[in-house]
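# Observations on chain architecture
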Amino acid sequence: MRTLFGILLVTLVQLQAQSQVGLEGIVVEKYYVSDFADSVNAADNFATYPLHIGSVTYRVYANLLPDFKVIQQFGSQTHPLNIATTTSFYNDPNYGFSTYQGTSVVNTRKNTTLIDSYLTVGGVATGLLGVLKEEDTDGNIGNLQGVLANADVSAGAPITGDDGVDGLMPGTPVLPNILGLTSELDVFDQTPGGTFTTSGGTIAALGGVAGVTTTNHVLLGQFTTDGVFSFSLNLQIATPIKGESQIFVADSPGVGEFTDSTLTYTSPVSQPDFVIERGSTENNTYFLYPNPCEDALTIGQRAATVGKTEFKIIDATGRIVLTSFYSSASNKVSTAELVSGVYTMALENDGVVEVLKFIKQ
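Residues numbered from 1 in each chain as written. Predicted model: local features only at pLDDT ≥ 70, side-chain atom pairs only at ≥ 80, totals over all residues. Heavy atoms only, no water.

## Structural notes on the sheet that holds strand β6 (residues 123-125)
Spatially, three strands are ordered β6-β7-β8 in an open sheet, and the strand pairing comes out antiparallel. Each edge of the open sheet is held by one strand with a lone partner, namely β6 and β8 (168-170). Taking the axes of each pair of neighbouring strands and ignoring which way they run, one obtains an average angle of 45° across the sheet. As paired strands, β6 and strand β7 (residues 128-130) are joined by two bridges and run antiparallel to one another. For A125, the partnering residue across the bridge sits in β7 and is L128. (Pairing = 2+ DSSP bridges. Helix = DSSP H or I, 4+ residues; strand = E, 2+ residues; numbered from the N terminus. Axes fitted to C-alpha atoms, helices over the stretch in contact; angles between N-to-C directions.)

As structure tokens, then:
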């Protein structure tokens, strides 16, 4: 038999839960910055939109109070859901997806799958949920092609390698229910375009999803782009009281709705052109002349190297237009077929990469 004290205690807990606003905010994590090797891997696998060197992978989390869960991201006529970039979103050409689909851990380890652009309600791979890298305690799943190895300090810990943490922890991912969405999702899956928007669609998880760490961060999506990234989000979250939920909208909340300033976001305008640098031009092993050039470019060398030096010429869109090998006996490169503009030459010798720019007149 329940005592009066027990009934009052349950009632008090329910009233406290009702009075709490369950969303503490949206957290944007700079997850990874792509480098030359990643860009080459994407090109070799015929990516529709290039993986530009210096592209940033953002992860977006809902930070919830304990025992609250994310039920859905949604758009309505009064509160559209919008996720955008000023360029396009990158997606792996082999195993990419626009919403979480239960990709195996083995396939998640292949090529650039781990930095895909997609929407989710927590899930990243079979048996693995997304967590902040700073809360990841079990290392990383690695990469079968040896890419995604950049250690750009602006993105925190690397996501592969001996000291890497990939922001994945064991859990039970839920396949989201996608309602009211069709071609809107294409911008996340090998279709050039900068804007995802819906005024009647939802990405939902019946019963809701909680985070797998004590801070209760639930991954809402991951987005890789070389442009300025932005969003306006709307969420429904479940409270600890069975059957009750709270609605959060990006702006202009109606009766029974909440808002939070972090539901809207715009990334810094400037993005790095390249993330592999070897000091100033004067300290580089290689140099280019004449620069600007017309029909030919010469590669000069300030210090001796051992073994082969491979070079790649990359145009302003991130597309590799020429791959070859350099030697002191064969140091001239024909640029006659290149259109006028700014190009990048990446030279690699014994694992060391130098990045130089030149202008074709």
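Still to come is the rest of the account.
## A short note on the pattern of salt bridges
Following the criterion strictly, the structure yields one salt bridge and no others. Residue E310 is joined to K312 by a salt bridge in which the shortest nitrogen-to-oxygen separation is 3.6 Å. Under the relative-accessibility criterion, K312 is labelled buried at 10%. (Salt bridge = Lys/Arg side-chain N within 4 Å of Asp/Glu carboxyl O. Buried < 20%, exposed > 50% of the residue type's maximum accessible area, 1.4 Å probe, protein only.)

## Notes on the pairing of strand β14 (residues 235-238)
A two-sided burial pattern is seen for β14, the buried positions comprising L235 and I237 on one face and Q236 and A238 on the other. Direction of pairing for strand β3 (residues 69-74) relative to β14: antiparallel, over a ladder of four bridges. Bridge assignment links Q73 to a residue of β14, and that residue is L235. Both β14 and strand β15 (residues 245-249) contribute to a ladder of four bridges, which runs antiparallel. Note that in β15 the partner of I237 across the bridge is Q246. Taken together, β14 and the strand that follows it, β15, pair antiparallel across an intervening segment of six residues, in which G243 is found at a positive phi of about 85°.

## Quick word on the sheet that holds strand β22 (residues 332-334)
The strand order across the open sheet formed by three strands is β18-β19-β22, and the pairing between neighbours is antiparallel. Lying at the two open borders of the sheet, with one neighbouring strand each, are β18 (286-289) and β22. Across the sheet, the mean angle from the axis of one strand to that of its neighbour is 25°, orientation sign disregarded. Here three bridges tie strand β19 (residues 296-301) to β22, and the two strands are oriented antiparallel to one another.

## Considerations on the confidence of the model for the protein
A low pLDDT means the predicted coordinates there should not be read in detail. Across the protein, the average pLDDT comes to 88, with 90% of residues at or above 70. Low pLDDT, under 50, characterises residues 4-17; the predicted model gives this stretch seven contacts beyond four residues in sequence or across chains. (pLDDT = per-residue confidence, 0-100. Contact = heavy atoms within 4.5 Å.)

## Some remarks on unusual backbone geometry
Omega for the bond connecting Y289 with P290 falls within 30 degrees of zero, at -15°, which places this linkage in the cis form. Tracing the backbone shows P290 in the loop between β18 and β19. Cis geometry is found at the peptide bond from N291 to P292, where omega equals 15°. In this fold, P292 is placed in the loop between β18 and β19. Despite not being glycine, F46 shows a phi value in the positive range, around 65°. Counting through the fold element by element, F46 comes out in the loop between α2 (36-44) and β2 (56-64). Even without being glycine, D67 reaches a positive phi, approximately 75°. As for its position among the elements, D67 is in the loop between β2 and β3.

## Thoughts on the nonpolar core
Ranked by internal contacts, the top residues of the largest apolar core, which has 36 residues, are L23, I26, I83, F188, F196 and L233. Taken together, the elements giving at least two residues each to this core come down to β1 (23-33), β2, β4 (81-85), β11 (202-209), β12 (217-225), β13 (229-232) and β14. Per-element tally for this core: the top contributor is β2, with five residues. Sequence-distant contacts of F188, defined by excluding residues within four places in its chain, comprise I83, F89, N91, F97, S98, S117, L119, F196 and F223. Among the nonpolar cores identified, the runner-up in size contains 20 residues, and A42, Y118, I159 and L168 belong to it. (Core = buried A, V, L, I, M, F, W, Y, C linked by side-chain atoms within 4.5 Å.)

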